[in-house]
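# Structure assessment
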Amino acid sequence: MPKNDLLLTACRREPTPRTPVWIMRQAGRYLPQYRAVRARTDFLSLCKSPELAAEVTLQPVELLGVDAAIIFSDILLPAEAMGLSLSLDDAGPHFADPIRSAADVARLAIPDPERELRFVGEALRLTKRELAERVPLIGFTGAPFTLAAYMIEGGSTKNFLRTKRFLYEEPRLAEQLFEKLTQTLALSLRAQIRAGADLVQVFDSWGGELSPADFERWSLPYLSRLVEAAHAEGAPAILFATGASTLLERLARTGADVVGLDWRIEPDVARARLGAGVGIQGNLDPCALFLPDDELEARILDTLRRAGPVGHIFNLGHGILPPTQPEKARFMVERVHALSERLRAERGATP
């Protein structure tokens, strides 16, 4: 058990002496130390080098004082392991051989994470050793719908036209694709937990692009299976979907321990809709880190007050942005800790 187990305690919706905080994309381009490593290698090679991945995973723990490390990797690596040709750099991802036909789906393999994705497990084991149980280590995966969208579109998209046409015009084929993806991602999550991840996060980055009815069919059942896979290994699961404020009740039905919020909904409103059995994570707008310190502190305080002292993990409502000054990220972490302790003292809620 990590010495600082605030994050795991919050996942269980038990009282903590202060609110735990970590940052999505906390190992990334806003840190000069990360850029120095990145200057020596391309992005995919960095992901596939266990030593370098472990190094950059640890950087924000040392530099910012966050309450968790999240393994440095990418949600699209399982798609590459399934057989697609992936290129990925700062301009974004690209698949040269996108999924467009039954033959494309048929050629996809269900990879063994201990073979085709072994570098992820090795990075987790190295990081776990270097952390020496200081803070929990987070593993992660993308959601089946999110990966399918990248694989069908061939990269990023604004309107998801190819993806939605595929779902509507070829539903049986889409089901075959989602089944292969779900099996692949569940195996990956289980392998990450066995390699040292204390908990996992599922990123359904594009889940909010679906209508409620389509989310019921094309995301909810597959997300539920990923949560089940994490729980089968004894690890909590956080589910994060951007633009999904209209889907909160459905997200809760996945069985996730914690639902991540973006900045489009207030934490107290989200709590009321999710119910008492689900924790929340979030939800400061990443652009708030460009505010003057006093205004940023006011927003942090408002989030903490709205979220309450139990079952809340402080985070941004999306990944930290590359132009962000590391000092602002450190300031945010320090203020979350100090302000949440103060609020607990005022409420008499210190355990």
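Structure: see above.
Quick look at the structure, then. (Residues numbered from 1 in each chain as written. Predicted model: local features only at pLDDT ≥ 70, side-chain atom pairs only at ≥ 80, totals over all residues. Heavy atoms only, no water.)

### Topic: the pattern of salt bridges
Test applied: Each salt bridge in this description consists of a side-chain nitrogen of Lys or Arg and a carboxyl oxygen of Asp or Glu lying within 4 Å of one another. Going along the chain from the N terminus, every DSSP run of H or I of four or more residues is numbered as a helix, and every run of E of two or more is numbered as a strand. We call a residue buried when its accessible area falls under 20% of the maximum for its residue type, exposed when it is over 50%, and partly exposed in between, using a 1.4 Å probe and counting protein chains only.
Evaluated as defined, the whole model comprises 25 salt bridges. We note a salt bridge from glutamate 216 to arginine 250, for which the minimum N-O separation is 3.0 Å. Taken together, the residues span a long stretch of sequence, with glutamate 216 in helix α11 (residues 212-218) and arginine 250 in helix α13 (residues 248-252) at a distance of 34 residues. Residue aspartate 268 pairs with arginine 306 through a salt bridge whose shortest N-O separation is 3.1 Å. On the criterion of sequence distance, the pair formed by aspartate 268 in helix α14 (residues 267-274) and arginine 306 in helix α15 (residues 293-307) is long-range, its members being 38 residues apart. With relative accessibility at 31%, the residue arginine 306 sits in the partly exposed group. By sharing partners, the salt bridges in this structure join Asp97, Asp104 and Arg107 into a single network.

### So, empty space enclosed by the protein
To be explicit about the condition: Lining residues are those with an atom within 4 Å of a point, where the points come from a 1 Å grid over the protein atoms alone and group into cavities, where a 1.4 Å probe fits but cannot get out, or pockets, open sets with protein on both sides within 12 Å along at least five of seven lines. Grid points are joined across faces, edges and corners, and a volume is the space filled by probe spheres set on the points. Note that Gly is not counted as nonpolar here; it falls among the polar residues with everything else outside the nonpolar set of Ala, Val, Leu, Ile, Met, Phe, Trp, Tyr, Cys and Pro and the charged set of Asp, Glu, Lys and Arg.
Using the criterion set out here, one finds 3 cavities of 30 Å³ or more in the structure. There is about 90 Å³ of room inside the largest cavity. The wall of the largest cavity is formed by Ile71, Ser73, Asp74, Ile75, Leu77, Pro78, Leu117, Val120, Phe140, Thr141, Ser188 and Gln192. At the level of elements, α5 (77-81), β4 (137-142) and α10 (171-195) are the ones that each hand at least two residues to the lining of the largest cavity. Residue classes in the lining of the largest cavity are distributed as 7 nonpolar, 4 polar and 1 charged. Counted as a void, the second largest cavity has a volume near 70 Å³. Surrounding the second largest cavity, Pro113, Glu114, Leu117, Arg118, Val120, Gly121, Ser188, Ala191, Gln192 and Ala195 form its lining. Counting only elements with at least two residues in the lining of the second largest cavity, the list comes to α7 (118-131) and α10. Counting residues per element, the lining of the second largest cavity draws most heavily on α10, which supplies 4 residues. For the lining of the second largest cavity, the residue count by class is 5 nonpolar, 3 polar and 2 charged.

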